[in-house]
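The residues making up each chain are set out below.
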Amino acid sequence: DPLTLGNKHGKGKRGATDLDGLIRENFGAHPRYDPNKNTYVNFGCSDFDPVKGLTVSLYELDADTFRSSSSSSSKRPRQSDVKNPPVVPNFRLKAPALLHDFILTKNYCLFNINDTSINPLSALKALLGLSGFAGSIDLNESASHTHIVLLPRSLFDETDQSSVDDIDLFHDERILAIPVNNHFNFHFANAYEDETTGRIVFDTVQIDGMDLASTTSHNSGRPFWKNDHPFQTVTPSRLVRYVLDVPNRSLAVGTPNPKVLSTRLPEFPSLPRKRSTRRHRYVYPAVARRKVTVDYEKKGHAGPVGGIAKIDVEFPENNEYYSFETYEFPGECVLCPKVRGENGNGEEEEEEEEKEDACYLLVNVVNGRDMTTDMLIFDVEGKGALEKGPVVRWTLPVFVPHLLHGSFAEGVTFDFEPFRRE
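Residues numbered from 1 in each chain as written. Predicted model: local features only at pLDDT ≥ 70, side-chain atom pairs only at ≥ 80, totals over all residues. Heavy atoms only, no water.

(A) Just the overall build of the protein, in detail. Check the secondary structure of the protein and you find 2 helices and 24 strands. Relative to its 422 residues, the protein shows a buried fraction of 46%. Across the protein, the fraction of contacts at a sequence separation of at least 24, relative to all contacts at a separation of at least 6, is 63%. For the protein, the exposed area adds up to about 22200 Å²; of that, 50% sits on carbon and sulfur atoms. (Helix = DSSP H or I, 4+ residues; strand = E, 2+ residues; numbered from the N terminus. Buried < 20%, exposed > 50% of the residue type's maximum accessible area, 1.4 Å probe, protein only. Contact = heavy atoms within 4.5 Å. Areas by Shrake-Rupley, 256 points an atom, 1.4 Å probe, with all protein chains shown as cover.)

Okay, here's the thing in structure tokens:
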């Protein structure tokens, strides 16, 4: 609940919500919004079992009630009491995987599936609590390709749970698995279906190599950020665009694939919620403080983010950047749409395509020198707006450590009167 910050619909594990029994294991950090259906789609992974493998479950929730989209009416009983509970599509991977994010289109859920294996010694240390499980996953950097897997959202419409249990991604005829150049990714930006060509376009932060063990305390026995040269084992990132030829189950030909959108070590790409699953013009990631020249196949050329960007996916030469001080580090950008007025007929103005950037950008910035945290607001509407700097900068009353993800709750208004009376 954005007003109380309390959890709704079930106690779940360790104080979290299980959405009245819908969620089986956990809930991913990146629920994706579908503005056409007003729903959120997300996934959750089971713990890896050496015998059974890894199970990944998919969920679709009404964006207003946070109940299964197949039983979203508030008049219906709790999901845990329904005789015919919502169908939860799920697939199983034989090898471990670090699935942190996925992407959504009108008709598909997209996952990036790498060739991985488990390191037995590292896994034992993880079981003993000596390191994180991610450090026990070995990514095959010599593999020829990575698969972009497309699961049709029509799976949510099935009425028989057994028909969507333990889906085999590479042998089920309902699933599309398209090979692309081998790479790793933590975060996607957005995806959409081109209605003219039938192709799927998506933007992702691509890393050509990843040693998951090197970014944990697996080797040194201490936190990654306390190492003398923490980035010497980290491969640099870049923001790229892929175009998939869905009918032919291949990369589209005729254009650079992938197309490079930014080489400034981007991460945490964001965009306005209403652009999700739709064609977009701009993406807003955190980036390196200055332009860098790196070898994307070599480790040690990465570094911390020290700025933010407005990436023009159609004309990357028009990208805009704003850099913070050398001791300031931004988190993920959050986009807040501007409130438009009414036209002369008393009707709300319709959103114009060219006004996609009519929004404010909110970002928290950690000051590592003074150990303070600032909230900054940028007006990003129009060419060059980001580079003018923040329109508001406010130092928070308490220090908040470096943040990862955030979201903007539209339409929420706080009433402070009860607090004044108390």
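(B) Quick peek at the sheet that holds strand 1 (residues 32–34). A sheet is described by the order of its strands in space; here 4 strands give the open sequence 1-2-3-4, paired in antiparallel fashion. Strands at the two margins of the open sheet, each flanked by one partner only, are strand 1 and strand 4 (90–93). Within the sheet, the average angular offset between the axes of one strand and its neighbour, ignoring direction, is 25°. Where strand 3 (residues 54–62) lies against strand 4, 4 bridges are found, and the strand directions are antiparallel. In the strand pairing of strand 4, Ser 57 is matched with Asn 90. (Pairing = 2+ DSSP bridges. Axes fitted to C-alpha atoms, helices over the stretch in contact; angles between N-to-C directions.)

(C) Region of interest: the sheet that holds strand 9 (residues 145–152). Read across the open sheet, the 4 strands follow the order 5-6-9-10; overall the sheet is antiparallel. Looking at which strands have only one partner, the edges of the open sheet turn out to be strand 5 (103–104) and strand 10 (176–181). Here strand 9 runs beside strand 10; their pairing, made up of 6 bridges, is antiparallel. Bridging from a neighbouring strand, Thr 146 pairs with Val 180 of strand 10.

(D) Up close: the nonpolar core. With 25 residues, the main nonpolar core has Phe 43, Phe 91, Leu 93, Leu 99, Phe 111, Leu 151 and Leu 169 as its most contacted residues. Residue assignment for this core shows that the elements contributing at least two residues are strand 2 (39–45), strand 3, strand 4, strand 6 (108–113) and strand 9. Setting aside anything within four residues of it in sequence, one finds Phe 43 in contact with Asn 26, Phe 27, Gly 28, Val 56, Ser 57, Leu 58, Tyr 59, Leu 99, His 100, Asp 101, Phe 102 and Phe 111. Counting 16 residues, the second largest nonpolar core, distinct from the first, contains Ile 148, Ala 191, Phe 202 and Tyr 242. (Core = buried A, V, L, I, M, F, W, Y, C linked by side-chain atoms within 4.5 Å.)

(E) View of empty space enclosed by the protein. This model, assessed by the stated rule, comprises 1 cavity of 30 Å³ or more. Its volume calculated, the largest cavity comes out at about 130 Å³. Considering the residues around the largest cavity, the lining is formed by 15 residues, among which Leu 98, Leu 99, Asn 112, Asn 114 and Phe 184 are closest to the centre. Here the residues of the lining of the largest cavity sort into 9 nonpolar, 5 polar and 1 charged. (1 Å grid on protein atoms, 1.4 Å probe; cavity = no way out; pocket = protein on both sides within 12 Å on 5 of 7 lines; lining within 4 Å. Points joined across faces, edges and corners; volume = space filled by probe spheres on them. Nonpolar A, V, L, I, M, F, W, Y, C, P; charged D, E, K, R; others polar.)

(F) Main features of the pattern of salt bridges. Inspection of every chain in the model, using the stated rule, returns 19 salt bridges. The shortest N-O distance in the salt bridge between Arg 238 and Asp 208 comes to 3.0 Å. With Arg 238 in strand 13 (residues 237–245) and Asp 208 in the loop between strand 12 (200–207) and strand 13, this residue pair connects regions lying 30 residues apart in the sequence. Residue Glu 381 pairs with Lys 338 through a salt bridge whose shortest N-O separation is 2.6 Å. (Salt bridge = Lys/Arg side-chain N within 4 Å of Asp/Glu carboxyl O.)

(G) Expanded view of a negative patch on the surface. On the surface, Asp 157, Glu 158, Asp 160 and Asp 165 cluster together into a patch of negative charge. When you line up the elements, Asp 157 lands in the loop between strand 9 and strand 10. (Patch = residues over 30% accessible without salt bridge, like charges linked within 9 Å, V, L, I, M, F, W, Y side chains within 5 Å. Lys, Arg positive; Asp, Glu negative; His and termini not counted. Charge placed at Lys NZ, Arg CZ, Asp CG, Glu CD.)

(H) Structural view of the environment of Leu 271. Secondary-structure assignment places Leu 271 in the loop between strand 16 (267–270) and strand 17 (282–287). Along the backbone, Leu 271 and Tyr 284 are 13 residues apart, and their C-alpha atoms lie at a distance of 6.0 Å. Filtering out sequence-adjacent residues up to four positions away, Leu 271 remains in contact with Ala 189, Asn 190, His 280, Tyr 282, Tyr 284 and Leu 335.

(I) Focus on unusual backbone geometry. In this structure, the amide linkage connecting Asn 257 to the following residue, Pro 258, adopts the cis form with an omega of 15°. Here Pro 258 is to be found in the loop between strand 14 (250–251) and strand 15 (259–262). Unusually for a residue other than glycine, Asp 166 sits at a positive phi of about 50°. Along the chain, the position of Asp 166 falls in the loop between strand 9 and strand 10. With a phi angle near 50°, Arg 249 is a residue other than glycine that sits in the positive phi range. Relative to the elements of secondary structure, Arg 249 occurs in the loop between strand 13 and strand 14. On the accessibility criterion, Arg 249 (41% relative accessible area) is partly exposed.

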